[in-house]
Amino acid sequence: MNSNPALISLENIAIEFPKQEGSGVIRIVNGLSFQLPKGDIACLLGPSGCGKSTILRAICGFEPVQMGEIKIHGKTVSSPGIRVPPAERKVGMVFQDFALFPHLSVLENVMFGLRTGTTAERERVGALWLERVALADKASAYPHELSGGQQQRVALARAMAPNPISFCSMSPFPTWILICVNVWLVRCAISLRPMELPPFLLHTINLKRSRLRITLE
């Protein structure tokens with residue numbers, strides 16, 4: 001078991017949206033609680049439309065909560081009266097469509113979230129992460145020149161380059177194999193000790209168990 005303190009904590013959260021017909025609200029998430037310490041990889045499971053992406057968006061700061069609270073590193077970032085902007089949460093994100101900027105090179109995409117340091121320092125960090133995801137030779141390429149898998153790795157490198165406190169993937173992993181491949185990528189290609197990794201939260205619809213949690217020892 002992972003004995004590290006929780007870096008992400010959801011306590012009895014509820015998330016609601018207005019009904020499409022314009023009368024009343026529908027509660028998408030109701031009374032959800034869980035914690036993720038550093039070094040854990042967990043997966044939200046359920047059918048399409050059950051609220052998996054909504055939960056990730058709430059953690060990242062894109063959706064408000066109507067009940068409960070979300071804490072990151074012990075600080076409340078979401079509650080009915082609090083909503084810390086996404087940019088201040090230090091949560092790395094991989095969006096479902098990867099959201100790479102088509103007019104920027106691969107290296108420039110990875111550097112996009114790096115807000116401090118000189119250009120040379122940011123280029124060094126970007127190049128390091130491209131090497132870690134085995135795309136150093138694609139630094140000057142553009143997203144349309146990459147395969148889907150390569151685009152996903154660029155998105156992962158961009159999310160991890162700013163050294164986030166935690167990491168959420170909006171891109172679903174449809175099978176056990178893909179989850180294991182991404183665990184391998186994170187654990188081996190990044191070349192960090194497992195307990196140095198932020199908690200990773202993924203989602204999918206195809207696993208038989210209600211939740212997957214992998215603790216990297």
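Anything mentioned here points back to the structure above.
Residues numbered from 1 in each chain as written. Predicted model: local features only at pLDDT ≥ 70, side-chain atom pairs only at ≥ 80, totals over all residues. Heavy atoms only, no water.

A. View of the pattern of salt bridges. Across all of its chains, the model carries four salt bridges by this definition. The residue arginine 27 makes a salt bridge to glutamate 16 at a minimum N-O spacing of 2.6 Å. Taken together, the residues span a long stretch of sequence, with arginine 27 in strand 2 (residues 25–37) and glutamate 16 in strand 1 (residues 6–18) at a distance of eleven residues. Arginine 57 is the partner of glutamate 63 in a salt bridge, and the nearest nitrogen-oxygen pair spans 3.1 Å. (Salt bridge = Lys/Arg side-chain N within 4 Å of Asp/Glu carboxyl O. Helix = DSSP H or I, 4+ residues; strand = E, 2+ residues; numbered from the N terminus.)

B. Representation of the nonpolar core within the structure. Val94, Val106, Val110, Trp129, Leu130, Val154 and Phe167 are the most contacted members of the largest nonpolar core, which totals 26 residues. Those elements that provide at least two residues to this core are strand 3 (40–45), helix 2 (106–111), helix 3 (119–132) and helix 4 (148–160). Among the elements that take part in this core, helix 4 stands out by supplying six residues, more than any other. Once you skip the residues sitting within four places of it in the chain, valine 106 turns out to touch Leu130, Lys138, Ala139, Ala141, Leu146 and Val154. Counting 23 residues, the second-largest nonpolar core is a separate cluster that includes Leu10, Ala42, Leu44 and Ile55. (Core = buried A, V, L, I, M, F, W, Y, C linked by side-chain atoms within 4.5 Å. Buried < 20%, exposed > 50% of the residue type's maximum accessible area, 1.4 Å probe, protein only. Contact = heavy atoms within 4.5 Å.)

C. Structural context of the layout of surface pockets. Reported here for the largest pocket is a volume of approximately 580 Å³. If you trace the largest pocket, you find 18 residues lining it, with Ala87, Val91, Met93, Gly113 and Pro162 closest to the centre. For the lining of the largest pocket, the secondary structure elements donating two or more residues are strand 7 (91–94) and helix 4. With three residues, the single largest contributor to the lining of the largest pocket is strand 7. (1 Å grid on protein atoms, 1.4 Å probe; cavity = no way out; pocket = protein on both sides within 12 Å on 5 of 7 lines; lining within 4 Å. Points joined across faces, edges and corners; volume = space filled by probe spheres on them.)

Interpretation note: all reported values are geometric properties and have no functional meaning in isolation.
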